[in-house]
Amino acid sequence: MDFLPIFVDIRGKHCLVVGGSDVAARKASLLLNAGAKVTVVAPELAAPFKDLPGQERLQHRIGSFDPTLLDGVELVMCALEDKNAARIVADAAKARHLPVNVVDTPELCSFIMPSIIDRSPILIAITSGGASPVLARMLRARLESMIPSAYGRLSALAAQFRDKVKAKFSRSENRRMFWEKVFQGPVAEMVFAGQDKAAAEVLESLIANEIEPDTNMGEVYLVGGGPGNPDLLTFRALRLMQQADVVVYDNLVSPGVLEMSRRDADRIYVGKKRDNHALPQEGINELLVRLAKEGKRVLRLKGGDPFIFGRGGEEIETLAANKVPFQVVPGITAASGVASYAGIPLTHREHAQACVFVTGHLKDGTMNLDWDMLARPHQTIVIYMGLHGLPVLCEKLIAHGLTKDTPAAIVQQGTTSKQRVVTGTLSTLPGIAAEAKLHAPTLIIVGTVVTLHEKLKWFNPKESQDLLDAAPLEG
Ligand SMILES: C[S@@+](CC[C@H](N)C(=O)[O-])C[C@H]1O[C@@H](n2cnc3c(N)ncnc32)[C@H](O)[C@@H]1O
(Lines give C-alpha, C1' and ligand atoms only; values in the text may rest on other atoms or scores of the structure.)
Protein backbone atom coordinates (compact mmCIF):
# COMPACT_ATOMS: atom_id res chain seq x y z
CA MET A 1 0.00 0.00 0.00
CA ASP A 2 1.23 3.49 -0.83
CA PHE A 3 -1.04 5.03 1.82
CA LEU A 4 -2.44 3.96 5.16
CA PRO A 5 -6.23 4.34 5.14
CA ILE A 6 -7.35 5.59 8.55
CA PHE A 7 -10.44 7.37 9.84
CA VAL A 8 -9.62 10.31 12.10
CA ASP A 9 -11.84 11.56 14.90
CA ILE A 10 -11.84 15.37 14.57
CA ARG A 11 -15.01 16.10 16.51
CA GLY A 12 -14.51 19.35 18.42
CA LYS A 13 -10.96 19.75 17.06
CA HIS A 14 -9.70 22.95 15.46
CA CYS A 15 -8.99 22.73 11.74
CA LEU A 16 -7.74 25.40 9.38
CA VAL A 17 -8.91 25.87 5.81
CA VAL A 18 -6.75 28.21 3.74
CA GLY A 19 -8.62 29.81 0.83
CA GLY A 20 -12.16 31.01 0.27
CA SER A 21 -13.08 29.45 -3.09
CA ASP A 22 -15.87 26.99 -3.89
CA VAL A 23 -13.36 24.17 -3.52
CA ALA A 24 -12.37 25.48 -0.09
CA ALA A 25 -16.07 25.49 0.83
CA ARG A 26 -16.31 21.80 -0.08
CA LYS A 27 -13.32 21.01 2.14
CA ALA A 28 -14.77 23.08 4.99
CA SER A 29 -18.07 21.26 4.54
CA LEU A 30 -16.40 17.86 4.98
CA LEU A 31 -14.65 19.02 8.14
CA LEU A 32 -17.86 20.49 9.56
CA ASN A 33 -19.76 17.30 8.74
CA ALA A 34 -17.18 15.37 10.73
CA GLY A 35 -17.76 17.67 13.72
CA ALA A 36 -14.65 19.88 13.52
CA LYS A 37 -14.37 23.55 14.46
CA VAL A 38 -13.23 25.24 11.29
CA THR A 39 -11.39 28.49 10.76
CA VAL A 40 -11.21 29.71 7.18
CA VAL A 41 -8.58 32.23 6.30
CA ALA A 42 -9.18 34.17 3.09
CA PRO A 43 -9.76 37.76 2.00
CA GLU A 44 -13.35 36.78 1.20
CA LEU A 45 -15.54 33.70 1.06
CA ALA A 46 -17.38 32.23 -1.95
CA ALA A 47 -21.17 32.06 -1.75
CA PRO A 48 -21.44 28.31 -0.84
CA PHE A 49 -19.83 29.03 2.54
CA LYS A 50 -23.09 30.67 3.60
CA ASP A 51 -25.03 27.44 3.23
CA LEU A 52 -22.63 25.10 4.99
CA PRO A 53 -24.11 23.06 7.82
CA GLY A 54 -22.64 23.68 11.27
CA GLN A 55 -22.20 27.47 10.75
CA GLU A 56 -21.79 27.89 14.51
CA ARG A 57 -18.50 26.00 14.29
CA LEU A 58 -17.27 28.02 11.28
CA GLN A 59 -15.17 31.12 11.70
CA HIS A 60 -13.89 33.48 8.99
CA ARG A 61 -10.52 35.21 9.45
CA ILE A 62 -10.29 37.95 6.84
CA GLY A 63 -6.77 38.09 5.40
CA SER A 64 -4.14 35.70 4.22
CA PHE A 65 -2.26 32.78 5.77
CA ASP A 66 0.00 33.45 8.69
CA PRO A 67 1.84 30.61 10.54
CA THR A 68 0.43 31.80 13.87
CA LEU A 69 -2.97 30.64 12.61
CA LEU A 70 -1.67 27.11 13.10
CA ASP A 71 -1.63 27.52 16.88
CA GLY A 72 -3.99 24.98 18.43
CA VAL A 73 -4.89 23.53 15.02
CA GLU A 74 -4.89 19.74 14.44
CA LEU A 75 -5.40 19.51 10.68
CA VAL A 76 -4.89 21.82 7.70
CA MET A 77 -6.58 21.95 4.30
CA CYS A 78 -5.22 24.33 1.73
CA ALA A 79 -7.16 25.33 -1.38
CA LEU A 80 -4.98 28.08 -2.79
CA GLU A 81 -4.45 28.22 -6.54
CA ASP A 82 -1.07 29.93 -6.18
CA LYS A 83 1.31 26.97 -5.76
CA ASN A 84 4.02 29.06 -4.09
CA ALA A 85 1.58 30.32 -1.48
CA ALA A 86 0.29 26.75 -1.02
CA ARG A 87 3.86 25.51 -0.50
CA ILE A 88 4.36 28.06 2.30
CA VAL A 89 1.22 26.74 4.04
CA ALA A 90 2.26 23.10 3.56
CA ASP A 91 5.82 23.73 4.81
CA ALA A 92 4.59 25.61 7.87
CA ALA A 93 2.13 22.79 8.72
CA LYS A 94 4.72 20.08 8.20
CA ALA A 95 7.23 21.96 10.36
CA ARG A 96 4.69 21.54 13.19
CA HIS A 97 3.97 17.90 12.23
CA LEU A 98 0.39 18.80 11.35
CA PRO A 99 -1.40 16.72 8.73
CA VAL A 100 -1.88 18.90 5.66
CA ASN A 101 -3.75 18.44 2.40
CA VAL A 102 -3.20 20.77 -0.54
CA VAL A 103 -5.91 20.51 -3.18
CA ASP A 104 -4.69 19.01 -6.47
CA THR A 105 -1.05 19.09 -5.38
CA PRO A 106 -0.19 15.62 -4.06
CA GLU A 107 3.51 16.42 -3.69
CA LEU A 108 2.67 19.00 -1.02
CA CYS A 109 0.26 16.77 0.90
CA SER A 110 0.99 14.68 3.95
CA PHE A 111 -2.40 13.02 3.50
CA ILE A 112 -4.79 12.69 0.57
CA MET A 113 -8.57 12.96 0.56
CA PRO A 114 -10.40 9.86 -0.70
CA SER A 115 -13.69 9.70 -2.56
CA ILE A 116 -16.25 9.04 0.14
CA ILE A 117 -19.45 7.04 0.29
CA ASP A 118 -21.28 8.26 3.36
CA ARG A 119 -23.74 5.85 4.92
CA SER A 120 -22.94 7.09 8.39
CA PRO A 121 -22.07 5.43 10.62
CA ILE A 122 -20.77 3.35 7.70
CA LEU A 123 -18.11 5.17 5.70
CA ILE A 124 -16.34 3.90 2.62
CA ALA A 125 -13.27 5.72 1.39
CA ILE A 126 -11.72 5.07 -2.02
CA THR A 127 -8.51 6.34 -3.47
CA SER A 128 -6.29 5.50 -6.38
CA GLY A 129 -3.41 7.21 -4.58
CA GLY A 130 -3.41 9.87 -7.28
CA ALA A 131 -2.88 7.27 -10.04
CA SER A 132 -6.36 7.63 -11.49
CA PRO A 133 -8.85 9.85 -9.66
CA VAL A 134 -11.37 9.31 -12.47
CA LEU A 135 -11.30 5.56 -11.92
CA ALA A 136 -11.70 6.05 -8.16
CA ARG A 137 -14.70 8.31 -8.80
CA MET A 138 -16.24 5.78 -11.18
CA LEU A 139 -15.82 3.05 -8.60
CA ARG A 140 -17.43 5.28 -6.04
CA ALA A 141 -20.39 5.87 -8.34
CA ARG A 142 -20.76 2.14 -8.81
CA LEU A 143 -20.64 1.43 -5.09
CA GLU A 144 -23.06 4.28 -4.40
CA SER A 145 -25.59 2.58 -6.64
CA MET A 146 -25.00 -0.84 -5.06
CA ILE A 147 -25.24 0.19 -1.41
CA PRO A 148 -28.67 1.52 -0.49
CA SER A 149 -28.56 4.71 1.53
CA ALA A 150 -30.57 2.89 4.19
CA TYR A 151 -27.45 0.93 5.18
CA GLY A 152 -26.55 3.84 7.42
CA ARG A 153 -29.87 3.57 9.25
CA LEU A 154 -29.58 -0.21 9.48
CA SER A 155 -26.17 0.15 11.05
CA ALA A 156 -27.46 2.77 13.49
CA LEU A 157 -30.32 0.42 14.45
CA ALA A 158 -27.81 -2.36 15.11
CA ALA A 159 -25.80 -0.01 17.31
CA GLN A 160 -28.92 0.64 19.46
CA PHE A 161 -29.37 -3.08 20.12
CA ARG A 162 -25.74 -4.09 20.37
CA ASP A 163 -25.63 -4.32 24.17
CA LYS A 164 -28.91 -6.27 24.36
CA VAL A 165 -27.62 -8.80 21.85
CA LYS A 166 -24.37 -9.08 23.74
CA ALA A 167 -26.23 -9.74 26.95
CA LYS A 168 -28.43 -12.37 25.26
CA PHE A 169 -25.72 -14.32 23.43
CA SER A 170 -22.60 -15.02 25.41
CA ARG A 171 -20.67 -16.60 22.53
CA SER A 172 -19.35 -14.23 19.87
CA GLU A 173 -19.97 -16.89 17.22
CA ASN A 174 -23.69 -16.89 18.08
CA ARG A 175 -23.82 -13.10 18.09
CA ARG A 176 -22.31 -13.09 14.63
CA MET A 177 -24.86 -15.61 13.38
CA PHE A 178 -27.68 -13.61 14.92
CA TRP A 179 -26.58 -10.36 13.28
CA GLU A 180 -26.07 -12.04 9.92
CA LYS A 181 -29.63 -13.29 10.09
CA VAL A 182 -30.86 -9.80 10.99
CA PHE A 183 -28.92 -8.10 8.20
CA GLN A 184 -30.16 -10.57 5.62
CA GLY A 185 -33.73 -10.90 6.84
CA PRO A 186 -36.98 -8.97 7.33
CA VAL A 187 -35.48 -6.42 9.76
CA ALA A 188 -33.11 -5.17 7.07
CA GLU A 189 -35.86 -5.23 4.47
CA MET A 190 -38.08 -3.07 6.72
CA VAL A 191 -35.31 -0.52 7.18
CA PHE A 192 -34.74 -0.45 3.42
CA ALA A 193 -38.48 0.17 3.03
CA GLY A 194 -38.33 3.08 5.49
CA GLN A 195 -40.20 1.21 8.27
CA ASP A 196 -37.61 1.82 10.95
CA LYS A 197 -40.01 1.69 13.88
CA ALA A 198 -41.45 -1.67 12.84
CA ALA A 199 -37.92 -2.93 12.20
CA ALA A 200 -36.89 -1.99 15.74
CA GLU A 201 -39.93 -3.82 17.17
CA VAL A 202 -39.20 -6.96 15.19
CA LEU A 203 -35.55 -6.83 16.22
CA GLU A 204 -36.56 -6.44 19.86
CA SER A 205 -38.78 -9.52 19.69
CA LEU A 206 -36.15 -11.49 17.78
CA ILE A 207 -33.69 -10.86 20.59
CA ALA A 208 -36.27 -11.86 23.19
CA ASN A 209 -37.26 -15.08 21.45
CA GLU A 210 -33.98 -16.28 19.98
CA ILE A 211 -32.54 -19.23 21.85
CA GLU A 212 -28.80 -19.48 21.91
CA PRO A 213 -27.90 -22.67 20.03
CA ASP A 214 -25.87 -25.05 22.12
CA THR A 215 -24.22 -26.68 19.13
CA ASN A 216 -21.39 -24.79 17.61
CA MET A 217 -21.54 -26.17 14.07
CA GLY A 218 -20.10 -24.13 11.25
CA GLU A 219 -20.75 -24.51 7.53
CA VAL A 220 -18.81 -25.26 4.38
CA TYR A 221 -19.16 -23.23 1.19
CA LEU A 222 -17.88 -25.23 -1.74
CA VAL A 223 -17.20 -22.45 -4.18
CA GLY A 224 -16.08 -22.53 -7.79
CA GLY A 225 -13.51 -19.78 -8.28
CA GLY A 226 -13.54 -19.95 -12.08
CA PRO A 227 -10.58 -20.32 -14.41
CA GLY A 228 -8.35 -17.64 -12.89
CA ASN A 229 -9.66 -14.20 -13.81
CA PRO A 230 -11.39 -12.71 -10.71
CA ASP A 231 -13.87 -10.86 -12.93
CA LEU A 232 -15.43 -14.24 -13.65
CA LEU A 233 -16.51 -14.96 -10.08
CA THR A 234 -20.25 -15.12 -9.43
CA PHE A 235 -21.94 -12.65 -7.04
CA ARG A 236 -22.79 -15.50 -4.72
CA ALA A 237 -19.21 -16.74 -4.69
CA LEU A 238 -18.04 -13.26 -3.82
CA ARG A 239 -20.55 -12.84 -1.01
CA LEU A 240 -19.59 -16.13 0.62
CA MET A 241 -15.89 -15.43 0.07
CA GLN A 242 -16.35 -12.22 2.05
CA GLN A 243 -18.13 -14.09 4.81
CA ALA A 244 -15.92 -17.12 5.47
CA ASP A 245 -13.62 -17.39 8.49
CA VAL A 246 -11.21 -19.78 6.85
CA VAL A 247 -10.29 -20.41 3.23
CA VAL A 248 -9.14 -23.85 2.12
CA TYR A 249 -7.75 -23.49 -1.38
CA ASP A 250 -5.64 -25.37 -3.86
CA ASN A 251 -3.15 -24.71 -6.56
CA LEU A 252 -5.47 -23.71 -9.37
CA VAL A 253 -6.98 -20.79 -7.45
CA SER A 254 -5.32 -17.68 -8.85
CA PRO A 255 -3.88 -15.06 -6.48
CA GLY A 256 -6.37 -12.54 -7.88
CA VAL A 257 -9.31 -14.77 -6.96
CA LEU A 258 -7.88 -15.59 -3.53
CA GLU A 259 -7.47 -11.87 -2.86
CA MET A 260 -11.24 -11.45 -3.11
CA SER A 261 -11.78 -13.52 0.03
CA ARG A 262 -12.09 -11.90 3.45
CA ARG A 263 -8.84 -10.22 4.35
CA ASP A 264 -8.65 -11.50 7.91
CA ALA A 265 -9.76 -15.07 7.11
CA ASP A 266 -7.26 -17.85 7.79
CA ARG A 267 -5.92 -19.34 4.57
CA ILE A 268 -5.01 -23.00 4.31
CA TYR A 269 -3.23 -24.19 1.19
CA VAL A 270 -3.95 -27.82 0.40
CA GLY A 271 -1.91 -28.01 -2.80
CA LYS A 272 -2.56 -30.53 -5.56
CA LYS A 273 0.14 -30.04 -8.13
CA ARG A 274 0.78 -32.89 -10.49
CA ASP A 275 2.29 -35.74 -8.47
CA ASN A 276 2.68 -33.41 -5.52
CA HIS A 277 -0.37 -33.37 -3.33
CA ALA A 278 0.22 -31.10 -0.34
CA LEU A 279 -2.62 -32.92 1.41
CA PRO A 280 -4.27 -36.12 0.16
CA GLN A 281 -7.96 -35.87 -0.76
CA GLU A 282 -9.08 -37.78 2.36
CA GLY A 283 -7.06 -35.33 4.44
CA ILE A 284 -8.84 -32.40 2.77
CA ASN A 285 -12.25 -34.00 3.38
CA GLU A 286 -11.44 -34.51 7.05
CA LEU A 287 -10.01 -31.01 7.39
CA LEU A 288 -13.27 -29.49 6.15
CA VAL A 289 -15.30 -31.53 8.63
CA ARG A 290 -12.99 -30.63 11.50
CA LEU A 291 -13.04 -26.90 10.75
CA ALA A 292 -16.83 -26.83 10.43
CA LYS A 293 -17.19 -28.73 13.71
CA GLU A 294 -15.06 -26.02 15.32
CA GLY A 295 -17.86 -23.62 14.34
CA LYS A 296 -16.04 -22.04 11.41
CA ARG A 297 -17.56 -20.88 8.15
CA VAL A 298 -15.27 -22.63 5.75
CA LEU A 299 -14.72 -21.49 2.20
CA ARG A 300 -13.57 -24.46 0.15
CA LEU A 301 -12.35 -22.54 -2.85
CA LYS A 302 -11.66 -24.49 -6.02
CA GLY A 303 -10.58 -23.57 -9.49
CA GLY A 304 -13.25 -23.62 -12.20
CA ASP A 305 -16.40 -25.45 -11.21
CA PRO A 306 -16.27 -27.71 -8.14
CA PHE A 307 -18.29 -30.44 -9.85
CA ILE A 308 -16.19 -30.63 -13.03
CA PHE A 309 -12.98 -32.56 -12.48
CA GLY A 310 -12.85 -30.90 -9.09
CA ARG A 311 -13.61 -33.76 -6.68
CA GLY A 312 -16.22 -31.49 -5.14
CA GLY A 313 -18.65 -34.40 -4.97
CA GLU A 314 -16.31 -36.42 -2.76
CA GLU A 315 -15.78 -33.51 -0.43
CA ILE A 316 -19.46 -32.88 0.17
CA GLU A 317 -20.17 -36.60 0.51
CA THR A 318 -17.93 -36.59 3.56
CA LEU A 319 -19.65 -33.44 4.83
CA ALA A 320 -23.08 -34.99 4.37
CA ALA A 321 -21.96 -38.15 6.17
CA ASN A 322 -20.80 -36.00 9.09
CA LYS A 323 -23.97 -33.88 9.09
CA VAL A 324 -22.03 -30.72 8.32
CA PRO A 325 -24.20 -28.10 6.56
CA PHE A 326 -22.83 -27.03 3.18
CA GLN A 327 -23.74 -25.16 0.04
CA VAL A 328 -22.26 -25.41 -3.44
CA VAL A 329 -21.63 -22.43 -5.70
CA PRO A 330 -20.94 -23.26 -9.33
CA GLY A 331 -18.03 -21.58 -11.05
CA ILE A 332 -17.12 -21.04 -14.67
CA THR A 333 -15.36 -24.19 -15.70
CA ALA A 334 -12.06 -23.96 -17.59
CA ALA A 335 -13.65 -25.24 -20.81
CA SER A 336 -16.19 -22.48 -20.88
CA GLY A 337 -13.93 -19.66 -19.67
CA VAL A 338 -10.90 -20.61 -21.72
CA ALA A 339 -12.90 -21.18 -24.91
CA SER A 340 -14.58 -17.78 -24.57
CA TYR A 341 -11.30 -15.95 -23.94
CA ALA A 342 -9.60 -17.78 -26.79
CA GLY A 343 -12.42 -16.99 -29.23
CA ILE A 344 -13.19 -20.65 -29.86
CA PRO A 345 -16.94 -21.40 -29.55
CA LEU A 346 -17.36 -24.92 -28.24
CA THR A 347 -20.42 -25.51 -30.38
CA HIS A 348 -21.28 -23.90 -33.70
CA ARG A 349 -23.98 -24.67 -36.22
CA GLU A 350 -21.48 -25.32 -38.98
CA HIS A 351 -18.86 -27.12 -36.96
CA ALA A 352 -20.01 -28.95 -33.85
CA GLN A 353 -23.35 -29.97 -32.41
CA ALA A 354 -21.87 -31.66 -29.38
CA CYS A 355 -19.08 -31.06 -26.95
CA VAL A 356 -17.42 -33.48 -24.53
CA PHE A 357 -15.19 -32.73 -21.58
CA VAL A 358 -12.61 -35.36 -20.65
CA THR A 359 -9.53 -35.55 -18.48
CA GLY A 360 -6.31 -36.42 -20.22
CA HIS A 361 -4.48 -37.51 -17.13
CA LEU A 362 -1.80 -40.06 -18.04
CA LYS A 363 -1.84 -43.30 -16.08
CA ASP A 364 1.02 -45.74 -16.75
CA GLY A 365 1.84 -43.79 -19.95
CA THR A 366 -1.65 -44.06 -21.44
CA MET A 367 -5.16 -42.67 -21.11
CA ASN A 368 -8.16 -44.69 -20.31
CA LEU A 369 -10.75 -43.01 -22.56
CA ASP A 370 -13.60 -44.12 -24.78
CA TRP A 371 -11.75 -43.28 -28.01
CA ASP A 372 -14.52 -44.33 -30.38
CA MET A 373 -16.96 -42.01 -28.62
CA LEU A 374 -14.44 -39.15 -28.79
CA ALA A 375 -13.36 -39.60 -32.42
CA ARG A 376 -16.69 -38.58 -33.88
CA PRO A 377 -17.37 -35.88 -36.44
CA HIS A 378 -19.21 -32.60 -35.62
CA GLN A 379 -18.08 -32.75 -32.04
CA THR A 380 -15.68 -30.63 -29.98
CA ILE A 381 -13.47 -32.39 -27.46
CA VAL A 382 -12.14 -30.47 -24.50
CA ILE A 383 -9.33 -32.12 -22.62
CA TYR A 384 -8.44 -31.06 -19.09
CA MET A 385 -5.04 -31.96 -17.62
CA GLY A 386 -3.79 -33.15 -20.99
CA LEU A 387 -0.46 -31.35 -21.55
CA HIS A 388 1.78 -34.27 -20.59
CA GLY A 389 -0.30 -36.78 -22.51
CA LEU A 390 -0.75 -34.59 -25.60
CA PRO A 391 1.26 -36.82 -28.00
CA VAL A 392 -0.62 -39.94 -26.83
CA LEU A 393 -3.93 -38.14 -27.09
CA CYS A 394 -3.39 -36.97 -30.67
CA GLU A 395 -2.07 -40.36 -31.72
CA LYS A 396 -5.08 -42.19 -30.27
CA LEU A 397 -7.63 -39.82 -31.80
CA ILE A 398 -6.05 -40.31 -35.22
CA ALA A 399 -5.89 -44.07 -34.71
CA HIS A 400 -9.62 -44.07 -33.91
CA GLY A 401 -10.71 -42.18 -37.00
CA LEU A 402 -10.09 -38.43 -36.75
CA THR A 403 -8.02 -37.09 -39.64
CA LYS A 404 -4.47 -35.90 -39.03
CA ASP A 405 -5.40 -32.38 -40.05
CA THR A 406 -8.23 -32.06 -37.50
CA PRO A 407 -7.70 -28.59 -35.98
CA ALA A 408 -6.58 -28.51 -32.36
CA ALA A 409 -5.57 -25.83 -29.89
CA ILE A 410 -3.89 -25.73 -26.53
CA VAL A 411 -4.49 -22.78 -24.23
CA GLN A 412 -2.28 -21.97 -21.28
CA GLN A 413 -3.61 -19.97 -18.29
CA GLY A 414 -6.73 -19.04 -20.19
CA THR A 415 -8.73 -15.93 -19.15
CA THR A 416 -5.72 -14.47 -17.32
CA SER A 417 -3.13 -11.88 -18.28
CA LYS A 418 -0.75 -14.73 -19.13
CA GLN A 419 -3.07 -16.50 -21.56
CA ARG A 420 -1.32 -18.14 -24.52
CA VAL A 421 -3.12 -19.84 -27.37
CA VAL A 422 -1.27 -22.27 -29.64
CA THR A 423 -3.08 -23.82 -32.59
CA GLY A 424 -2.24 -26.60 -35.02
CA THR A 425 -3.63 -29.97 -36.03
CA LEU A 426 -3.66 -33.37 -34.39
CA SER A 427 -0.43 -34.19 -36.18
CA THR A 428 1.38 -30.89 -35.52
CA LEU A 429 0.12 -29.74 -32.12
CA PRO A 430 2.38 -31.93 -29.91
CA GLY A 431 5.49 -30.54 -31.64
CA ILE A 432 4.28 -26.94 -31.64
CA ALA A 433 3.29 -27.16 -27.97
CA ALA A 434 6.68 -28.60 -27.00
CA GLU A 435 8.44 -25.83 -28.92
CA ALA A 436 6.28 -23.19 -27.22
CA LYS A 437 7.41 -24.61 -23.84
CA LEU A 438 3.90 -24.40 -22.44
CA HIS A 439 3.28 -25.09 -18.82
CA ALA A 440 0.24 -25.92 -16.71
CA PRO A 441 -2.60 -25.17 -16.46
CA THR A 442 -3.47 -25.86 -20.07
CA LEU A 443 -6.64 -26.91 -21.82
CA ILE A 444 -6.78 -28.71 -25.16
CA ILE A 445 -9.59 -28.15 -27.64
CA VAL A 446 -9.99 -30.48 -30.62
CA GLY A 447 -12.41 -29.93 -33.51
CA THR A 448 -13.03 -27.69 -36.48
CA VAL A 449 -14.31 -24.91 -34.15
CA VAL A 450 -10.61 -24.19 -33.58
CA THR A 451 -10.41 -22.67 -37.08
CA LEU A 452 -12.65 -19.83 -35.81
CA HIS A 453 -9.95 -18.65 -33.42
CA GLU A 454 -8.15 -16.48 -36.01
CA LYS A 455 -11.36 -14.64 -36.81
CA LEU A 456 -12.86 -14.44 -33.32
CA LYS A 457 -9.90 -13.88 -31.01
CA TRP A 458 -10.65 -10.75 -29.01
CA PHE A 459 -8.78 -10.98 -25.74
CA ASN A 460 -5.38 -9.34 -25.45
CA PRO A 461 -3.72 -10.56 -22.31
CA LYS A 462 -1.46 -7.99 -20.72
CA GLU A 463 1.64 -9.28 -19.00
CA SER A 464 1.58 -6.41 -16.52
CA GLN A 465 -1.64 -7.47 -14.79
CA ASP A 466 0.03 -9.85 -12.38
CA LEU A 467 -2.99 -10.04 -10.11
CA LEU A 468 -4.91 -11.98 -12.68
CA ASP A 469 -2.32 -14.70 -13.07
CA ALA A 470 -3.35 -18.26 -12.42
CA ALA A 471 -0.88 -20.44 -10.60
CA PRO A 472 -0.04 -23.62 -12.51
CA LEU A 473 -1.63 -26.95 -11.77
CA GLU A 474 -1.28 -30.22 -13.51
CA GLY A 475 -1.14 -30.02 -17.27
C1 LIG B 1 -8.16 -30.56 -11.60
S2 LIG B 1 -8.78 -29.77 -13.02
C3 LIG B 1 -9.93 -28.71 -12.30
C4 LIG B 1 -10.95 -28.22 -13.26
C5 LIG B 1 -11.88 -27.22 -12.65
N6 LIG B 1 -12.69 -27.80 -11.63
C7 LIG B 1 -12.75 -26.57 -13.71
O8 LIG B 1 -13.99 -26.71 -13.69
O9 LIG B 1 -12.20 -25.88 -14.55
C10 LIG B 1 -7.49 -28.71 -13.47
C11 LIG B 1 -7.36 -28.53 -14.96
O12 LIG B 1 -8.27 -27.56 -15.44
C13 LIG B 1 -7.72 -26.93 -16.57
N14 LIG B 1 -7.66 -25.49 -16.31
C15 LIG B 1 -8.12 -24.85 -15.23
N16 LIG B 1 -7.96 -23.53 -15.34
C17 LIG B 1 -7.38 -23.32 -16.53
C18 LIG B 1 -6.96 -22.17 -17.21
N19 LIG B 1 -7.11 -20.94 -16.69
N20 LIG B 1 -6.39 -22.31 -18.44
C21 LIG B 1 -6.25 -23.54 -18.97
N22 LIG B 1 -6.63 -24.66 -18.36
C23 LIG B 1 -7.19 -24.57 -17.16
C24 LIG B 1 -6.33 -27.49 -16.75
O25 LIG B 1 -6.43 -28.55 -17.68
C26 LIG B 1 -6.01 -27.99 -15.40
O27 LIG B 1 -5.03 -28.97 -15.42
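As a reminder, the structure under discussion sits directly above these lines.
All figures in this text were calculated on a predicted structure; none of them were measured in a lab. (Residues numbered from 1 in each chain as written. Predicted model: local features only at pLDDT ≥ 70, side-chain atom pairs only at ≥ 80, totals over all residues. Heavy atoms only, no water.)

Asker: Explain the overall build of the protein here, please?
Answerer: Across its full length, the protein carries 16 helices and 17 strands. The C-alpha radius of gyration of the protein comes to 30 Å, more than 25% above the 23 Å expected for a compact globule of 475 residues. Of all 475 residues assigned to the protein, the portion counted as buried reaches 46%. In the protein, once contacts between residues fewer than 6 apart in sequence are set aside, the share between residues at least 24 apart is 65%. Taking the average location of the 53 positive side-chain charges in the protein and that of its 53 negative ones, the two points are 1 Å from each other. (Helix = DSSP H or I, 4+ residues; strand = E, 2+ residues; numbered from the N terminus. Rg over C-alpha atoms; globule rule 2.2 N^0.38 Å. Buried < 20%, exposed > 50% of the residue type's maximum accessible area, 1.4 Å probe, protein only. Contact = heavy atoms within 4.5 Å. Lys, Arg positive; Asp, Glu negative; His and termini not counted. Charge placed at Lys NZ, Arg CZ, Asp CG, Glu CD.)

Asker: Sorry if this is basic, but what is going on with the pattern of salt bridges here?
Answerer: If charged atoms from side chains of opposite charge come close, those side chains can pair. Under the definition given, this model contains 23 salt bridges. Between Glu259 and Arg263 there is a salt bridge; the shortest N-O distance is 3.4 Å. Salt bridges here are not isolated pairs; linked through shared partners, they connect Glu173, Arg176, Glu180, Asp245, Arg262, Asp264 and Arg297. (Salt bridge = Lys/Arg side-chain N within 4 Å of Asp/Glu carboxyl O.)

Asker: Explain the environment of Lys302 to me, please; I cannot follow it from the model alone.
Answerer: By the element assignment, Lys302 lies in strand 11 (residues 297–302). Within the structure, Lys302 has its side chain in polar contact with the side chain of Glu315 (distance 3.2 Å). (Polar contact = N/O pair within 3.5 Å; in protein donor to acceptor, adjacent residues only side chain to side chain.)

Asker: Hey, could you run me through a nonpolar patch on the surface in this one?
Answerer: Where nonpolar side chains cluster on the molecular surface, the patch consists of Met1, Leu4, Ile6 and Val8 and spans about 530 Å² of accessible area. Structurally, Leu4 can be placed in the segment before strand 1 (14–18). (Patch = residues over 30% accessible without salt bridge, like charges linked within 9 Å, V, L, I, M, F, W, Y side chains within 5 Å. Areas by Shrake-Rupley, 256 points an atom, 1.4 Å probe, with all protein chains shown as cover.)

Asker: Looking at this structure, how should I read the environment of Leu452?
Answerer: For Leu452, the location among the structural elements is in the loop between strand 17 (442–446) and helix 16 (453–456). Taking relative accessible area as the criterion, Leu452 reaches 8% and is therefore assigned buried. Between the C-alpha atoms of Leu452 and Leu154, which are 298 residues apart in sequence, the distance is 52 Å. Setting aside chain neighbours within four positions, we find Leu452 in contact with Gly343, Pro345, His348 and His351.

Asker: I'm lost on the sheet that holds strand 3 (residues 58–62) in this one. Help?
Answerer: Adjacent strands of a sheet pair through backbone hydrogen bonds, lying either parallel or antiparallel. Strand order in the open sheet formed by five strands is 3-2-1-4-5, and the pairing between neighbours is parallel. The open sheet has two edge strands, strand 3 and strand 5 (100–102), and neither has a second partner. Across the sheet, the axes of successive neighbouring strands diverge by a mean angle of 15 degrees, strand direction being ignored. Pairing analysis gives three bridges linking strand 4 (residues 75–78) to strand 5, with the strands arranged parallel. Directly across from Cys78, in strand 5, lies its bridge partner Val102. In this fold helix 1 (residues 22–33) packs onto strand 1, strand 2 (37–42), strand 3 and strand 4, with an angle of close to 170 degrees to the strand it touches most, strand 1. (Pairing = 2+ DSSP bridges. Axes fitted to C-alpha atoms, helices over the stretch in contact; angles between N-to-C directions.)

Asker: How should I be thinking about the packing of aromatic side chains in this particular structure?
Answerer: Scanning all chains against the criterion turns up nine aromatic pairs. Pairing Tyr249 with Tyr269 gives two aromatic rings, centres 5.5 Å apart and planes at 55 degrees, and the pair type is tilted. With Tyr249 in strand 9 (residues 246–249) and Tyr269 in strand 10 (residues 266–269), this pair connects stretches of sequence that are 20 residues apart. Residue classification places Tyr249 among the buried residues on the basis of a relative accessible area of 16%. The partly exposed category is assigned to Tyr269, whose relative accessible area is 39%. When the ring of Phe309 is compared with that of Tyr384, the centres are 4.8 Å apart and the planes differ by 65 degrees; the resulting orientation is edge-to-face. (Phe/Tyr/Trp six-rings, centres within 6.5 Å; stacked < 30°, edge-to-face > 60°.)

Asker: How do you make sense of the sheet that holds strand 10 when you look at a structure like this?
Answerer: Read from one edge of the open sheet, five strands run 10-9-11-8-12, paired in parallel fashion. Edge positions in the open sheet fall to strand 10 and strand 12 (326–329), since each of these has one partner strand only. Each neighbouring strand pair of the sheet contributes to a mean axis angle of 20 degrees, computed without reference to strand direction. Relative to strand 11, strand 9 runs parallel, the two being bridged by four bridges. Following the sheet pairing, Tyr249 is matched in strand 11 by Leu301. Across the sheet, helix 8 (residues 235–243) lies against strand 8 (219–224), strand 11 and strand 12, angled at about 135 degrees from strand 12, the strand it touches most.

Asker: Before we go on, may I ask you to explain the pairing of strand 4 in this structure?
Answerer: Here strand 4 shows two buried faces, one formed by Leu75 and Met77 and the other by Val76 and Cys78. Alignment of strand 1 against strand 4, held across four bridges, turns out to be parallel. Residue pairing across strands places Leu16 opposite Val76, the latter belonging to strand 4. The handedness of the strand 4 to strand 5 crossover, carried by helix 2 (residues 83–95), is right-handed. (Right-handed = clockwise from strand over helix to strand, strands pointing away.)

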